[in-house]
Amino acid sequence: MKPPVPHRRWALAAATALALVVGGLAIPVTRAAEAAPVGAGSYTTTPVGPLPSGCGAMSSNPRQFATANAPAGPIPTNDWWSSLLWKRTDCSFSEPLHAHPISYDTFGDGLGFSANSTPAISGTATGVGEFHYPYVQDIRVGVAGLAAPQVRVDGWTDWTVSPHWSDGTRTMRATIGHGLPFAYFQTTGGNAQISTAGTPDVWSNSGATIGFRVNGHDYVGFAPSGASWTVASGRISSTLAGRGYFSVALLPPTSSATERAALAATYGQYAHAHVTGTQVSYAYNPATSGLTTTYAFTTTAREGTATQTVVSLYPHQWKSLSGSTAITPTYPSARGRMKVLTGVNQFRTAMKFQGILPELPAVGDGSGGDLATLTGHLAATRANPMDQRGNDTYWTGKGLGRAARIAEIADQVNDTTTRDSALNAIRSTLTDWFTASSGKTSRVFYYDNNWGTLIGYPASYGSDQELNDHHFHYGYYIAAAATLAKFDPAWAATSRYGGMVDLLIRDANNYRRDDTRFPYLRDFDIYAGHDWASGHGSFGSGNNQESSSEGMNFASALIQWGQTTGDTAVRDAGVFLYTTQAAAIQEYWFDVSDQNFPAAFGHSTVGMVWGDGGAYATWFSGEPEMIQGINLLPVTGGHLYLGNNPAYVRTNYAELVRNNGGQPTVWQDILWQFQALGDPDAALANLRANPGYTPEEGESRAHTFHWIRNLAALGNVDTTVTGNHPLSAVFSRNGARTYVASNPTATPITVTFSNGTTLAVGAGKTATTGAYTWSGGNAAGGVPPTTPTDPPPTTDPPTNPGNPTRYLLPGGGLGAAGSAATTTVAAANGNHDGTPTNAQVFTATGLNLAYAGGQTAFDLFVDAGTAVGNGVQVRISYDLTGNGSWDRVETGRYFATDPVTGYEHYTQSAGLSSATGTLGALSNGTVRVEVWSAIGNNPTTVGIGNQSVLRLPYS
């Protein structure tokens, strides 16, 4: 067995911090705390440990590299451009700034541009591997003769920054940002100058506009009207007609000179409407479970009347774009293709918030032998519900998370002794950390006014000196506080300890622009749609983040805390962070559509996202279980987004097994719980077959059993239906839906789902209806009664004796015909003949049928629209006894669709590509249908519900 590896990403950062301490640059200070009260709690304003440190020993002045024009208040950290302001390795200039579609770097004579579109790929498809689009300079923009000793920051907005140069004679101010194909400049003291890598290929030079190509990338310089550009010795320069402003734009790759010229003319309409501000706003509508996000741009017209601009959108944005249409040319980037909007001053996205739960309902382990198993596991946690592995902020958080899961589960099955033990552990731990008594130097929070941050001591993984990971650490505290608030609302009142919880929220991701104690959304990159872990971001590859799932733990904690305490501003901020980041994770950590990672990368997931790429790696381990598992933990009801695409779950888990050379041997519980979101029967079989596994440091056997056993009853997450309450979810198994909602308040509620289903939920209860009718929670006063609608008290999901004719159903079931619907099979983008890749999967279990002889028949309704060269393939697998092994596997020849809109019939007449094993009687058996794209670069629609049918050779 592989030995467990101590969990955490910041081994490198910790080593750096240690070196700084040893070198005398940051000396821990221990003195009596001066407490600032917050309700019944308090924090200290006296340092009790190491503090953040900027370049050199000047840690007390985080604004040392900001100009007098920079916004007042706390400096932002944990951003894509943080190394420009918080210099760690170069006291003069920044590390590369990966804004997309352009990367930048700063030098004494100006701003460098890189439009690198060629990934550097290292490692292997089965081991540690990385892809990066490293900074490769095309041009450098500056002022003739400029020799600034350092670059400073003159301003910032939600996703732009303005670096500033001065050498006493010449100055330059630039504005750059996420999604901006333009960089905007204001200069004094000399001519504008563009230096190029090699001799530029000038394809247009007319008046104030010059177009040129460098390293295969097309740029356009826009000077003021009346000015001109000259080209000499690899340098392009302009006097700017003495007006001191210009802009430089990167054009998308084009297929012809005509298209290039047209784009240059279009961009030219907005070249002098300099972007001077960006701001996000969002609105959550519980009635529709909709999140609308507006990305707004403020411009200043340096000349002319244009007030709009040109922007490019990341995949998570353009796939949810509302009310606008992107033009055809796209930019390559480390995040995939970026689509372009021209002539806009804002754009909106519309996303569905799928809902979260405090915990899965006990529909599968609420009675019978499984209840006995669960209560036995719970009893084993009673003496030490936190099982804390360390005393710092991270490991305390992990322990709090473990105890919160135990409390929620124990409450559902009326194990009040274990529940109260877990709640008491949470209460005493949080109260201790939230109290800065006189002389206290440990288990205390300190507010640093210079940096605008709340640091917990003992700190860990650079959370003090580098401001790393605050959302990771504090998310556990907030989530545990939300669980405690449900049972002890008095403790959570603002007059007691709720104010301290709110301070943790605001430190990591301040949701109020009028709160000047902390920067707005510190850890969340608004435009990129996800968190960054490093406070300073001073790496050649930009900023980075491993554990997207711990970022989601923070977001889901806000939703639960806000809903439980009635703070809708916190709840809505949580919904914004959660929904946006869930979309970003699917694109940039998982690439579920197989469109964003370089084709030669060879992995279906990354452990880390970098500013310029991604890595199948972690900071702390090269083991596949940890590389993939770090983006899965902690497993909570706030992580149902991981199951939004069950087919991808199976793809991800299959890669783990392949890269690991077999099933996981560490972090098995985390990985089986993830597997249960795509193949719950297999996950349950793995759990039952390996009772001696070692729990992950923040897990318990009780929670792992509860999670997997109940998903085996509930089935897959059903994203086609949403509730009008944030703590709600829908599951589907074999075509039958279960509706779930949790009510943490003292007043009964009724939840209405988008298909009209309603669910009454009592005060303090979780309730279900549909496939199961069950209600549990602290107000229930007992174990759910056994009724004809309860799941049978067995260790297996309900049987499905059934019919040999089966329809492909929404949610991944195989059952009786339902209403007409569609699903989408992702593009192949390669050759996957015979190998299911990003497949849509449909399963029936518990089948008891006699074999009638003959072969499987099917009729799938497929349509690739006008796409040319697409081919859909099907594989049908039989597990005759439900023991987890496939006894018969039939793979059909792929079906080449025509380029004409309208359904075609893909049937068994296409013939078999391969077949293994033999058919026989089904006894509690399982049948699985996988449909995927074998070839082609476009998605295909599959008609389901009452359309695509499977006819089993059984009676």
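Details of the structure are given in the entry above.
Examining the packing of aromatic side chains
Piece 1. For the structure shown, the criterion picks out 55 aromatic pairs.
Piece 2. Seen from their ring centres, Trp159 and Phe297 are 5.5 Å apart, and the 85 degrees between their planes marks the pair as edge-to-face. One end of the pair, Trp159, is in the loop between strand 9 (151-156) and strand 10 (160-166); the other, Phe297, is in strand 21 (residues 290-301), with 138 residues separating them in the sequence.
Piece 3. Taking relative accessible area as the criterion, Phe297 reaches 5% and is therefore assigned buried.
Piece 4. Arranged with centres 5.5 Å apart and planes meeting at 55 degrees, the rings of Trp433 and Phe445 form a pair that is tilted. With Trp433 in helix 7 (residues 416-433) and Phe445 in strand 27 (residues 444-448), this residue pair connects regions lying 12 residues apart in the sequence.

Some points on the sheet that holds strand 19 (residues 245-250)
Piece 1. Taken in spatial order, the eight strands of this open sheet run 9-10-11-12-19-16-15-14, and their pairing is antiparallel. Each of the sheet's edge strands pairs with one partner strand only, and the pair in question is strand 9 and strand 14 (201-206). This sheet shows a mean twist of 20 degrees between the axes of neighbouring strands, independent of strand direction.
Piece 2. Relative to strand 10, strand 9 is paired through five bridges, and the arrangement is antiparallel.

Some details on the environment of Pro646
Piece 1. With respect to the helices, strands and loops of the structure, Pro646 is situated in helix 14 (residues 646-660).
Piece 2. Classification of Pro646 by relative accessible area gives buried; the value is 17%.
Piece 3. A C-alpha to C-alpha distance of 9.5 Å links Pro646 and Asn838, two positions 192 residues apart in sequence.

Structural notes on the packing of helix 10 (residues 494-509) against helix 11 (residues 548-565)
Piece 1. Here helix 10 crosses helix 11 at 145 degrees, and the two axes come no closer than 12 Å. Here helix 10 and helix 11 pass one another in a crossing that is left-handed. On helix 11, the residues that touch Gly498, Val501, Leu504, Ile505, Ala508 and Asn509 of helix 10 are Phe554, Leu558 and Trp561.
Piece 2. Counted by class, the contact of helix 10 with helix 11 contains seven nonpolar, two polar and no charged residues.

Concerning the sheet that holds strand 17 (residues 230-232)
Piece 1. On the basis of which strands lie adjacent, the open sheet formed by seven strands has the order 3-4-5-8-13-18-17 and antiparallel pairing. Every other strand in the sheet has two partners, leaving strand 3 (97-98) and strand 17 as the edge strands with one partner each.
Piece 2. As paired strands, strand 4 (residues 103-107) and strand 5 (residues 110-114) are joined by five bridges and run antiparallel to one another. By the bridge assignment for strand 5, Thr106 is matched with Leu111.

Definitions and cut-offs
- Residues numbered from 1 in each chain as written.
- Predicted model: local features only at pLDDT ≥ 70, side-chain atom pairs only at ≥ 80, totals over all residues.
- Heavy atoms only, no water.
- Phe/Tyr/Trp six-rings, centres within 6.5 Å; stacked < 30°, edge-to-face > 60°.
- Helix = DSSP H or I, 4+ residues; strand = E, 2+ residues; numbered from the N terminus.
- Buried < 20%, exposed > 50% of the residue type's maximum accessible area, 1.4 Å probe, protein only.
- Pairing = 2+ DSSP bridges.
- Axes fitted to C-alpha atoms, helices over the stretch in contact; angles between N-to-C directions.
- Left-handed = near helix turned anticlockwise from the far one by under 90°.
- Contact = heavy atoms within 4.5 Å.
- Nonpolar A, V, L, I, M, F, W, Y, C, P; charged D, E, K, R; others polar.

So yeah, pure geometry; function would need other evidence.
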